[in-house]
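# Results of the structural survey
So you can see what is in the structure, the chains are spelled out below.
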Amino acid sequence: GATLWVEPLAVVDLGNRYRELKLEELREVERVLRQLSGMVGDESGQVIANVDRLADFDVLLASVRLGELLSADELPYDGPGQAWIAPAPGELRLIEARHPLLTGSVVPTSLHVGGAHRVLLITGPNTGGKTVALKTAGLLTLMALSGLPVPARDGSEVPVFEAVFADIGDEQSIEQSLSTFSSHMRNIISILARADSRSLVLLDEIGAGTDPEEGAALARAIVQELLDRGCAVIATTHHGELKVFAHETAGVTNANVEFDAETFAPTYRLTIGLPGRSNAIAIASRLGMPEAVLRRARQAIGPAQEQVEDLLVDLQRERDELATAKRLEQSRAADAERLQHRLSAELDRLSRERDDAMRAAREEIELELGGIREALRDADRLLKRTKAGPGVSGDSGPELSDLQAAVSAAEAQVRQIPVLLPRPRTSSPAGVAPAAVRPGDRVTIRGLDAQGEAVGTADERGEVEIQLGALHMRVKLDQIERVARTAYDPAEPPRSPAATVQRRPSPGLELEVRGQRVEEALPKIEEYVNDAFMAGLPFVRIIHGKGTGTLRRVVREALTDNPLVSDFETADPKAGGDGVTIARLAV
């Protein structure tokens, strides 16, 4: 059974040579490793620095990946430009914060503690989210101070606390002879020995695990001590006495986790400003407690306590309704502001385009009028030469005189045309303030290149009577561009315009331009408004339809710039709504 090894002499030398080569290879490997180790040793400082840099990159990469996982878009960072980290003592403010371990549809938590409200006392039902809110505040504070992304909205702020103390959960131990109350007290005693104004203290179910009356009294004393030290404190409790304490003590704020009384289920929303109900009976009912037991429990509750609980429910309901109304109002205000900005920009653009078009049209018309004037002057000279020349019969004299009069009348009309052309709007020149308009003053109205005479002073609505040729109108002070003083005798009554106003036949109370193009509708509207004003109509209805809203916008812009229109409004829904504009005339 033994093994016999036979080594032929022919391979003995080969075997010895093989073992020598293996030893040489091992010695060479050791030599290379010693050399490489020496090279690394010479660069040990740089190698260690590179390892540290790689560790930094590794941490940053892990932080970014965590931020993507938590939908936290911004990392807290150093420097004056960031808003996450603030000096302590300060206010811990978390906006729509989410616990990083909770997934799915998570109800965010918003809270603030510190500053003028250094203690936040959270009450409410069991399983309602009090402890989750407590843990969220503590964990996100530590994450922010560690440079990790915080799952909260912009505007959140975390002071640089020197310490974060927490007494959360139950650490009772039979081996150490610790009850629930004893374990809480041991933790709180340790906290009181070290906490100061630069500390965040988290206390879960403070004063629990012992006689309710003594526990509440002890809890009040602990909170008061931490308040006096300037600590930032978030505590949860079921003691009703602490709710009253928070209401009566400056620096302590009530908060509650909501509970849906209809479904008997918590909503996990944290509301600051009101205490919450414990809802112990409701929760017991939802968990299957016999109705007889629940009935006895309800009978044992005093009427005063029941009234307080009902009052808290009513206050919470009213608060929710007000918050909903406020959000709706803010949304509407934001929409209105955006619309106003958009309309203002559009009005500015249209105004610039209109002014450019008016300026170009005026230049073109004035150029054509120059040619007409020159032709009329040539005609006048020709008529004069013809009338003075030989061979003019006596019968042709009256005809030439009539032709001369016609040419003069044409020249007078041509001279009046530039006055009637509207000029582009310009800034008001320096001069007398429009508010100082007096009867007899010569005034220039914005949009009309003509002067009128004031026949009265401004009334309580800021309007003044103006006589413009045969036209009598009321305009607002901000429509007057220039005021020229004239001699005024207070003893002489202002000229009454009643005798000079020439009324025209009424064009009717309605004008329909629905379906027409803008360039067709605007001249009709301007002529119609002028006729209605001269007819003494107090208001008119312009039917432009709804459509895309372009015609309505242009019509109202024209009414805004028309000095004959005092104001306008949308018609009643039963009378046309957005499809009809009612313009009140300055008669």
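Look a little higher up for the structure.
The structure displayed is predicted, hence computed values, not measured ones.

## Description of the nonpolar core
Membership of the largest hydrophobic core comes to 30 residues, with the highest contact counts inside it found for I466, I525, L559 and L585. Secondary structure elements with two or more residues in this core: β11 (442-445), β13 (463-468), β14 (471-476), α11 (518-534), β17 (539-543), α12 (550-561) and β19 (580-585). Per element, the largest residue contribution to this core is 7 residues, and it comes from α11. Those residues in contact with L559 that sit more than four places away from it in its chain are I525, V529, I542, V565, F568, T581 and A583. Of all hydrophobic cores here, the second largest spans 28 residues; its members include W84, F161, L202 and I272.

## Here we look at the pattern of salt bridges
Enumeration over the complete set of coordinates arrives at 16 salt bridges. Here E25 makes a salt bridge to K22, at a shortest N to O gap of 3.7 Å. You can see E25 and its partner K22 sitting in helix α1 (residues 9-42), 3 residues apart, about one turn around the helix. By relative accessible area, which is 46% here, E25 ends up partly exposed. Linking R584 and D567 is a salt bridge whose minimum nitrogen-to-oxygen distance equals 2.6 Å. Separated by 17 residues along the polypeptide, R584 in strand β19 and D567 in strand β18 (residues 565-570) bring together distant segments of the chain. For R584, a relative accessible area of 31% translates into the label partly exposed. Using a relative accessible area of 31% as the deciding quantity, one classes D567 as partly exposed. In this structure, a network of salt bridges that share partners links the residues E91, R93 and E157.

## Notes on the environment of N530
The topology assignment puts N530 in helix α11. The class for N530 is partly exposed, based on a relative accessible area of 28%. Sequence separation between N530 and L564 is 34 residues; the distance between their C-alpha atoms is 7.4 Å.

## Here's the deal with the layout of surface pockets
In this model, the second largest pocket occupies a volume close to 810 Å³. Looking at the second largest pocket, it is lined by 24 residues, and the ones nearest its centre are S110, L270, T271, A323 and R327. Of all the secondary-structure elements, those providing two or more residues to the lining of the second largest pocket are β2 (92-97), β3 (109-113), β10 (265-272) and α9 (303-388). For the lining of the second largest pocket, the residue count by class is 8 nonpolar, 7 polar and 9 charged.

## Here's the deal with the environment of D478
Inspection of the secondary structure assignment puts D478 in the loop between β14 and β15 (480-484). Residue D478 is classed as exposed on the basis of its relative accessible area of 53%. Along the sequence, D478 and G462 sit 16 residues apart, while their C-alpha atoms lie 8.5 Å from each other.

## Considerations on the pairing of β19
Two faces belong to every sheet, and in a regular strand the side chains alternate between them. Among the 6 residues of β19, 5 are classified as buried, and the element is accordingly described as predominantly covered. For β17 and β19, the ladder comprises 5 bridges, and the chain directions are antiparallel. Each bridged residue has a counterpart across the sheet, and for I543 the counterpart in β19 is V580. Where β18 lies against β19, 5 bridges are found, and the strand directions are antiparallel. Bridge pairing links V565 to L585 in β19.

## Brief notes about the side chain of N562
Counting through the fold element by element, N562 comes out in the loop between α12 and β18. Leaving out residues up to four positions away in the same chain, N562 has contacts with Q479 and V529.

## Description of α11
An ideal rise of 1.5 Å per residue puts 24 Å on 17 residues; α11 measures up with 24 Å between its terminal C-alpha atoms. Regarding α11, the residues found buried are A521, I525, Y528, V529, A532, F533 and M534. Looking one or two residues past α11, G536 carries a phi angle of roughly 80 degrees, positive in sign.

## Regarding the packing of helix α4 (residues 180-192) against helix α5 (residues 212-229)
Packing of α4 against α5 leaves a shortest axis separation of 12 Å and a crossing angle of 15 degrees. Between α4 and α5, the interaxial angle falls into the category roughly parallel. As for the relative orientation of α4 and α5, their crossing is left-handed in sense. Taken together, the residues of α5 that come into contact with α4 (itself represented by F181, M185, I188 and L192) are L218, I222, E225, L226 and R229. Of the residues contributing to the contact of α4 with α5, the split by class is 7 nonpolar, no polar and 2 charged.

## Comments concerning the sheet that holds strand β16 (residues 510-512)
Pairing is mixed across the open sheet formed by 4 strands, whose spatial order is β16-β17-β19-β18. Looking along the sheet, the strands with just one partner apiece sit at the ends: β16 and β18. Each strand axis lies, on average, 20 degrees off the axis of its neighbour in the sheet, ignoring direction. Strand contacts of α12: β17, β18 and β19, with the helix running at about 155 degrees to β18, the strand carrying the most contacts.

## Here's the deal with a negative patch on the surface
Together, D211, E213, E214 and E241 give the surface a local cluster of negative charge. Along the polypeptide, E214 turns up in helix α5.

## With respect to a nonpolar patch on the surface
Taken together, V29, V32, L33, L36 and M39 make up a surface patch of nonpolar side chains, about 420 Å² in accessible area. Among the secondary structure elements, V32 is positioned in helix α1. Its relative accessible area of 33% is what places V32 among the partly exposed residues.

## With respect to the packing of α5 against helix α6 (residues 240-248)
Running from N to C, α5 and α6 point in directions that differ by 30 degrees, and their axes come no closer than 9 Å. As judged from the angle between their axes, α5 and α6 are roughly parallel. Here α5 and α6 pass one another in a crossing that is right-handed. Together, A216, A219, R220, V223 and Q224 of α5 and E241, L242 and F245 of α6 make up the contact between the two elements. Broken down by class, the residue content of the contact of α5 with α6 amounts to 5 nonpolar, 1 polar and 2 charged.

## Considerations on unusual backbone geometry
Put simply, A88 and P89 share a cis peptide bond, and its omega is 0 degrees. Among the secondary structure elements, P89 is positioned in the loop between β1 (85-86) and β2. Despite not being glycine, S71 has its phi angle at roughly 55 degrees, a positive value. Within the fold, S71 resides in the loop between α2 (44-70) and β1. Residue classification places S71 among the exposed residues on the basis of a relative accessible area of 53%. One non-glycine residue, E205, lies in positive phi territory at about 55 degrees. The residue E205 is located in the loop between β7 (199-203) and α5 in this model.

Criteria and thresholds
Residues numbered from 1 in each chain as written. Predicted model: local features only at pLDDT ≥ 70, side-chain atom pairs only at ≥ 80, totals over all residues. Heavy atoms only, no water. Core = buried A, V, L, I, M, F, W, Y, C linked by side-chain atoms within 4.5 Å. Buried < 20%, exposed > 50% of the residue type's maximum accessible area, 1.4 Å probe, protein only. Helix = DSSP H or I, 4+ residues; strand = E, 2+ residues; numbered from the N terminus. Contact = heavy atoms within 4.5 Å. Salt bridge = Lys/Arg side-chain N within 4 Å of Asp/Glu carboxyl O. 1 Å grid on protein atoms, 1.4 Å probe; cavity = no way out; pocket = protein on both sides within 12 Å on 5 of 7 lines; lining within 4 Å. Points joined across faces, edges and corners; volume = space filled by probe spheres on them. Nonpolar A, V, L, I, M, F, W, Y, C, P; charged D, E, K, R; others polar. Pairing = 2+ DSSP bridges. Expected span 1.5 Å × (residues − 1). Axes fitted to C-alpha atoms, helices over the stretch in contact; angles between N-to-C directions. Parallel < 35°, antiparallel > 145°, perpendicular 65-115°, else oblique. Left-handed = near helix turned anticlockwise from the far one by under 90°. Patch = residues over 30% accessible without salt bridge, like charges linked within 9 Å, V, L, I, M, F, W, Y side chains within 5 Å. Areas by Shrake-Rupley, 256 points an atom, 1.4 Å probe, with all protein chains shown as cover. Lys, Arg positive; Asp, Glu negative; His and termini not counted. Charge placed at Lys NZ, Arg CZ, Asp CG, Glu CD.

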